[in-house]
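# A structural walkthrough
Residues per chain, in single letters:
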Amino acid sequence: MNMVVIMKQTFDTEEKITIENGQIVKDNVGSIMNPYDEYAVEEAVKLKEEHGGEVTVITVGPPEAESALRTALAMGADKAVLIENEDQPLDEYSIAKVLTAAINNREYDIILGGNMSVDNGASQVGPRIAEELEIPHVATITKLEIDGESVKAERDAEGDVEIIESTLPILVTAQQGLNEPRYPSLPGIMKAKKKSLERLAIEDLNVTEDDLQSKSKAVDHYLPPAKATGRILEGGLPAQVEELVHILHEETKIV
Amino acid sequence: MSNLPQTADVVIIGAGLMGASTAYELAKRNVKNIVVLEKNAIGSGATGQSSGVLRGHYSYELLTRMAVQSLETFQHSNEILGSGVGYQPVGYLFGVDHVNIENLKKNVEMQKRNGVNTGLVTMDEVKEIWPELDTDHFGAFAFEPQGGYGDPVLTNQAYADAARALGVIIKQHCGVKRIITSEDGSAIVGVETTNNHIISTPRVIVAAGIGAHHLMKNVGVNVPIKGQRAQLIYISPGGSKKNVPSFGDFMHDQYIKPEVSSGHLLLGNADHADPQYIDPADYDADKYLKHATEKAIEKAIMKFINCFPSLENAKLLASYSAAYEITPDGIPFICGTPIEGAYLCTGFSGHGFKITPCVGKLTADLILEGESKQEGIDLAPFRLTRFEENDLLKPAHPYTTTVNSHV
Ligand SMILES: Cc1cc2nc3c(=O)[nH]c(=O)nc-3n(C[C@H](O)[C@H](O)[C@H](O)COP(=O)(O)OP(=O)(O)OC[C@H]3O[C@@H](n4cnc5c(N)ncnc54)[C@H](O)[C@@H]3O)c2cc1C
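Remember, it's a predicted structure, so these values are computed and weren't measured experimentally. (Residues numbered from 1 in each chain as written. Chains lettered and ligands numbered in written order. Predicted model: local features only at pLDDT ≥ 70, side-chain atom pairs only at ≥ 80, totals over all residues. Heavy atoms only, no water.)

What follows deals with the domain arrangement of chain A. Each domain of chain A was delimited in the assignment, giving domain 1 (2–204) and domain 2 (225–255). For domain 1 of chain A versus domain 2 of chain A, the distance between C-alpha centres works out to 45 Å. (Domains from an automatic or database assignment.)

Let us look at unusual backbone geometry. Excluding glycine, residues mostly have negative phi values, and the peptide bonds linking residues are mostly trans. That bond from Leu168 of chain A to Pro169 of chain A is cis: its omega, -10°, falls within 30 degrees of zero. The residue Pro169 of chain A is located in the loop between β11 (160–167) and β12 (170–174) in this model. With a phi angle near 50°, Ser349 of chain B is a residue other than glycine that sits in the positive phi range. Mapped onto the elements of the fold, Ser349 of chain B is located in the loop between β20 (342–346) and α11 (356–368). (Helix = DSSP H or I, 4+ residues; strand = E, 2+ residues; numbered from the N terminus.)

Residues and elements named next belong to chain B. Of all residues adjacent to the ligand, which total 37 residues, the nearest are Glu38, Thr47, Val53, Val176 and Lys354. Measuring from an oxygen atom of the ligand, one finds a backbone N or O atom of Gly52 at 3.3 Å. Residue Gly350 places a main-chain N or O atom 3.3 Å away from a nitrogen atom belonging to the ligand. For the ligand, whose unbound accessible area comes to 1000 Å², protein coverage reaches 96%. For the shell around the ligand, the secondary structure elements donating two or more residues are α1 (17–28), α2 (46–49) and β18 (315–326). Residue contributions to the shell around the ligand peak at 4 residues, all from β18. In terms of residue class, the shell around the ligand is built from 17 nonpolar, 16 polar and 4 charged. (Near = heavy atom within 4 Å. Polar contact = N/O pair within 3.5 Å; in protein donor to acceptor, adjacent residues only side chain to side chain. Areas by Shrake-Rupley, 256 points an atom, 1.4 Å probe, with all protein chains shown as cover. Nonpolar A, V, L, I, M, F, W, Y, C, P; charged D, E, K, R; others polar.)

With that settled, the discussion passes to the UniProt feature "domain: FAD dependent oxidoreductase" (unreviewed entry) in chain B. Per the UniProt entry, the sites bearing "domain: FAD dependent oxidoreductase" (unreviewed entry) are residues 9–366 of chain B in this numbering. Between the C-alpha atoms that bound residues 9–366 of chain B there is a distance of 15 Å. The span itself is 29% helix and 26% strand. (UniProt positions renumbered as here; feature names shortened; annotations may be inferred.)

Looking now at the sheet that holds strand β9 (residues 176–181) of chain B. All names here are of chain B. Spatially, 3 strands are ordered β9-β10-β11 in an open sheet, and the strand pairing comes out antiparallel. Pairing within the sheet leaves two strands with one partner each, and these edge strands are β9 and β11 (198–200). Going across the sheet, the axis of each strand differs from the next one's by a mean of 20°, ignoring polarity. Summarising the sheet, β9 and strand β10 (residues 188–193) pair through 5 bridges and their orientation is antiparallel. The partner of Ile180 across the bridge, within β10, is Gly190. (Pairing = 2+ DSSP bridges. Axes fitted to C-alpha atoms, helices over the stretch in contact; angles between N-to-C directions.)

This part takes up α11 of chain B. Residues and elements named next belong to chain B. With 13 residues, α11 should cover 18 Å at 1.5 Å per step; its first-to-last C-alpha distance of 18 Å lies within 8% of that length. Burial analysis of α11 places 11 of its 13 residues in the buried class, the great majority of the element. Every buried residue belonging to α11 is among Thr356, Pro357, Cys358, Val359, Gly360, Leu362, Thr363, Ala364, Asp365, Leu366 and Ile367, and all of these are buried. At its buried positions, α11 is contacted by α1, α3 (61–75), α7 (152–165), β12 (204–206), β19 (333–336) and β20. (Expected span 1.5 Å × (residues − 1). Buried < 20%, exposed > 50% of the residue type's maximum accessible area, 1.4 Å probe, protein only. Contact = heavy atoms within 4.5 Å.)

Right, here's the structure in full:
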């Protein structure tokens, strides 16, 4: 069975993010593999361990995105493809077109991706690729079983669990809870540095000018408002309730 | 800042390990009206990033004495400070290459002379201490059973709590914008906080880590201190023996600190041959890399694999980058300045934790007595003017592996 994982390098959201002139300042901020993609890589490696086959990880991004691919290789992926793009502004529509072109000529039984990237949070690229390839897809999965050609997935549907049956080939996107991504071993990290990595330019792929035209535009970036400090109400219970009601009516005007 | 006084007998800038221990020692000696101003939180600077390794091993006799004197506080912190500081006597193993065997012997003799419980250990003994360690590369080892590590943040908090109990005011999230001097610049008259509150005081102790550079520059004193990037990784060692010691690997210039609770290991670089500095202004503005580079991670992994080739299941858990408060010779400033009433207690260059208890006492001595009252510990090597006087502290038997003033 052959697995393709679509993945992305994002900035580390645990670090302090600053915005200047409507753009995120990337200096001094670390880059990591999108955390949801870690679940996808882990699941692909587990499928390989169970069913055999090969795991190929693919990303569209700047040359530095190589390090996220190398992390996937250290986790157990076999091949990595870096579609280099530094200047072309791409959105989910155009990235899906590019990735589809890259996947189209490869053998795959299942395509896995993260349910969203923590930087843009669009959740679109995976389902768009499935549509382009005309294969079924299941998003935000928390469990996956493959038996022959049949696929059974559980998905997180706003807190409920949906159980979906389908067939290969299929595309799934991973939700937290699908698995516990492994930490790469130290020898694995060193070996991954030597594994071959295929570098492509967008021009190498079968995409049209039109495919690369973004359909959406980010007009602004801003940080969420700073959290106000909390307040601890004092006194007996009746006094606290009275004060809380007062705050809700008069200060926050929520009720 | 209504709850800040208008006047103080002493203002200490910075509530890291050094500011807190100095405040405590001064209060213990009956100094009243001590105010500590901290721009962030207690332990938020180098202290909060510290690995916390404890050892008596130095090639500098003076620093060994300071570490020996300090050990008692780590061992008996409950009695002395009133709370625990996470002291873990897992032992400290120190290994060198063949070229440095003689230096190690001489230094261990010096350390023993000064009261360190230490001694050379044979390769067979090392195999018992840490079976997975490949001793073949090494020339010789020393071992201190009472070394190990402590928790720098708990230590900082313990000093802060003990100081508060003696009446010291510690104000967090209250930075010092500037030190105020008399019109002719010759003496301290006060400090102004970032909220424009002025405290009049005849004495200021600058224990602001890297921040000391900027504060003193504004009053015309050059304190050569800057940030130096330190990159660290956390690993899970896989099948290693539990209960391993802290390990100074001076074959590869790397140190390892075990975490007793999880069995994880922290690997820190001790190679100062190619330092990456952070300008104090960038440090103050929080503009520096907080993550380890791939190159640094790779280097740390290679060194570890070299030492522990059998630990094939070791896993990389996390990595981060911090900043040492480094001086040109790696030796701190505990001294007065050309400005009357302005004192420095800063620049501990990545090895201040283990000597903290002694530093608090020395700084209190400096301010109250004008000289050290700690036996065998002279303050002269810590003076600001040592560079222009070309009179630097030198170890009798330095290790050749790197330009390494940490050891
Ligand atoms: C990565 C790392 C590993 C280390 N490992 C070890 C080890 O294993 N063993 C060991 O012995 N030592 C170690 N050290 C060294 C030791 O931790 C430090 O030397 C020690 O913590 C320094 O304490 P400090 O109080 O001088 O500095 P800091 O902890 O930096 O405190 C200075 C304080 O001053 C405050 N400040 C700065 N400017 C202002 C201002 N204008 N107004 C108000 N407040 C201000 C800062 O916010 C900060 O809290 C390590 C250090 C690092 C960085």
